[in-house]
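Results of the structural survey
One letter stands for each residue in the lines below.
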Amino acid sequence: AQSHKVVSPSSRVELGVRPEHVRLKPSADGSGVVEVVETAGNETLVHVTVGNETVVARVPPELRLDVGQRVAIQASEQDVYLFDAETGLLVRGLER
């Protein structure tokens, strides 16, 4: 189990979101581009690139997305995890 850590505002952090907590919405001006669509029974995994990063979302099969399609990406704040990029420890908050 990893312990929580407080980091300074100048520290590098990595963002983590579980695929089931990522929401995708087709959007012509969205920041993501669909790269891979994997259909597996009652769920679909969609790989989306945003800049140089890849985000994986688990979406319901009725959400039809095509490779190359632009999408908006959303996640609730409570589903986003921040990790210290150097130590990998979960970040609890920022020093003020």
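Small disclaimer: the values here were computed from a predicted structure and weren't measured. (Residues numbered from 1 in each chain as written. Predicted model: local features only at pLDDT ≥ 70, side-chain atom pairs only at ≥ 80, totals over all residues. Heavy atoms only, no water.)

Examining the nonpolar core
Counting residues in hydrophobic clusters, the biggest one holds nine residues: Val-22, Leu-24, Val-34, Val-46, Val-48, Ala-57, Val-59, Leu-65 and Val-71. Elements that contribute at least two residues to this core include exactly strand E5 (43–50) and strand E6 (53–59). Contact partners of Val-59, with chain neighbours within four places excluded, come to Leu-24, Glu-43, Thr-44 and Val-46. (Core = buried A, V, L, I, M, F, W, Y, C linked by side-chain atoms within 4.5 Å. Buried < 20%, exposed > 50% of the residue type's maximum accessible area, 1.4 Å probe, protein only. Helix = DSSP H or I, 4+ residues; strand = E, 2+ residues; numbered from the N terminus. Contact = heavy atoms within 4.5 Å.)

Considerations on the sheet that holds strand E3 (residues 23–26)
In space, the five strands of this open sheet follow the order E3-E7-E4-E5-E6, with antiparallel pairing throughout. The open sheet has two edge strands, E3 and E6, and neither has a second partner. Here the average twist between neighbouring strands, direction ignored, is 40 degrees. Relative to E5, strand E4 (residues 32–40) runs antiparallel, the two sharing seven bridges. Opposite Val-36, over in E5, you have His-47 as the bridge partner. (Pairing = 2+ DSSP bridges. Axes fitted to C-alpha atoms, helices over the stretch in contact; angles between N-to-C directions.)

Side note on the side chain of Ser-27
Of note, Ser-27 is situated in the loop between E3 and E4. A relative accessible area of 17% places Ser-27 in the buried class. One polar contact links Ser-27 to Asp-29, side chain to side chain, over a distance of 2.6 Å. Ignoring any residue separated from it by four or fewer positions in sequence, one finds Ser-27 in contact with Arg-70, Val-71 and Ala-72. (Polar contact = N/O pair within 3.5 Å; in protein donor to acceptor, adjacent residues only side chain to side chain.)

Brief notes about the environment of Val-34
Turning to its location among the elements, Val-34 is positioned in strand E4. Taking relative accessible area as the criterion, Val-34 reaches 0% and is therefore assigned buried. Sequence-wise, Val-34 and Val-55 are 21 residues apart; in three dimensions their C-alpha atoms are separated by 9.5 Å.

Quick notes on the environment of Val-67
Mapped onto the fold, Val-67 is located in the loop between E6 and strand E7 (70–74). Taking the C-alpha atoms as reference points, Val-67 and Val-34, separated by 33 residues in sequence, lie 5.0 Å from one another.

Some thoughts on a nonpolar patch on the surface
Taken together, the side chains of Val-13, Leu-15 and Leu-82 present a nonpolar region at the surface, about 250 Å² in accessible area. The residue Val-13 is located in strand E2 (residues 13–17) in this model. For Val-13, a relative accessible area of 36% corresponds to the partly exposed category. (Patch = residues over 30% accessible without salt bridge, like charges linked within 9 Å, V, L, I, M, F, W, Y side chains within 5 Å. Areas by Shrake-Rupley, 256 points an atom, 1.4 Å probe, with all protein chains shown as cover. Salt bridge = Lys/Arg side-chain N within 4 Å of Asp/Glu carboxyl O.)

Notes on the pattern of salt bridges
All told, the structure shown has two salt bridges when counted by the stated rule. Here Arg-58 and Glu-43 are joined by a salt bridge, their closest N and O atoms 3.2 Å apart. One end of the pair, Arg-58, is in strand E6; the other, Glu-43, is in strand E5, with 15 residues separating them in the sequence. If you follow the salt bridges from partner to partner, you end up with Glu-20, Glu-43 and Arg-58 in one network.

By themselves these figures say nothing about function.
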